[in-house]
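Breakdown of the fold
In case you want the letters, here they are:
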Amino acid sequence: MEDNSNKPDANRHEQRFERYLWNSRLLVMLAVVPSLLGALVLFIIGTVDIFHVLLVAVDYYFFGATEDIHDVVVPNIIMAVDIYLIAIVLLIFGLGVYRLFVSPIEQAETHSSYHPFNVQSFDQLKDKIARVVILAVIIEFFRAVVDIRFQSPLDAIYLALSVLALAAALYLMSLAHKKE
């Protein structure tokens, strides 16, 4: 004969433990909140950098500043774009992790499933982040290319091969995007 007197008590402990396990998913908020704050900081930095470039251009053209802006404007704008892309990565990460582990975001549900913030799986989140990171790497490459001074014809060949490799990567990314 079984003793069922302890069964409801054991079941209650199991339910309580499972509730704690389920609520442990909220630990991801330790990644979500700092990611969103980091994105905010980076958006502010990128915007301030763009305004700084604007002020330098105004100073150069209207007030006769002696520093040649042609050496600083393009690299600084490229840097700001790179900062914006990293901020976007943090946004996609923070919102994607929140959506996957905590709760769907109602406003995002009304948009297309291809919207960057609408992720259905962890693999899809990684894929979206990887695309933006690759874009950031391309922008960083472009910034480095702007400063290149060729020492030999071989340097030009290396640059051409690098551009070809980036073009191939973009082509492969577009093929993967079409399959979705």
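The preceding data block contains the structure.
What you see is a predicted model; the values in this text were computed from it and never measured. (Residues numbered from 1 in each chain as written. Predicted model: local features only at pLDDT ≥ 70, side-chain atom pairs only at ≥ 80, totals over all residues. Heavy atoms only, no water.)

Some details on the packing of aromatic side chains
Centre-to-centre distance and the angle between the planes together describe a pair of aromatic rings. Inspection of every chain in the model, using the stated rule, returns three aromatic pairs. When the ring of tyrosine 60 is compared with that of tyrosine 61, the centres are 4.9 Å apart and the planes differ by 85°; the resulting orientation is edge-to-face. The exposure class of tyrosine 60 is partly exposed, given its relative accessible area of 24%. Between phenylalanine 101 and phenylalanine 122, the aromatic rings sit 6.3 Å apart at their centres with planes inclined by 75°, giving edge-to-face as the arrangement. Taken together, the positions of phenylalanine 101 in helix H3 (residues 73-101) and phenylalanine 122 in helix H5 (residues 122-146) put the pair 21 residues apart, joining distant regions of the chain. You can call phenylalanine 101 partly exposed: its relative accessible area is 35%. (Phe/Tyr/Trp six-rings, centres within 6.5 Å; stacked < 30°, edge-to-face > 60°. Buried < 20%, exposed > 50% of the residue type's maximum accessible area, 1.4 Å probe, protein only. Helix = DSSP H or I, 4+ residues; strand = E, 2+ residues; numbered from the N terminus.)

Observations concerning the nonpolar core
If you look at the biggest cluster of nonpolar residues, it comprises twelve residues: Val28, Val32, Leu85, Val89, Ile92, Val97, Val102, Val119, Leu125, Ile129, Val132 and Ala136. Where this core is concerned, the elements lending two or more residues are H3 and H5. Setting aside its immediate chain neighbours within four residues, valine 28 contacts Val97, Phe101 and Val102. (Core = buried A, V, L, I, M, F, W, Y, C linked by side-chain atoms within 4.5 Å. Contact = heavy atoms within 4.5 Å.)

Remarks on the pattern of salt bridges
Applying the stated criterion to the full structure yields two salt bridges. Aspartate 123 is the partner of lysine 126 in a salt bridge, and the nearest nitrogen-oxygen pair spans 3.4 Å. In this pair, lysine 126 and aspartate 123 are both assigned in helix H5, three residues apart and thus about one turn of the helix distant. In this structure, the salt-bridge partner of aspartate 127 is arginine 131, at a minimum N-O distance of 3.1 Å. Of this pair, aspartate 127 and arginine 131 both sit in helix H5, four residues apart, which is roughly one turn of that helix. The class of aspartate 127 is partly exposed, set by a relative accessible area of 28%. (Salt bridge = Lys/Arg side-chain N within 4 Å of Asp/Glu carboxyl O.)

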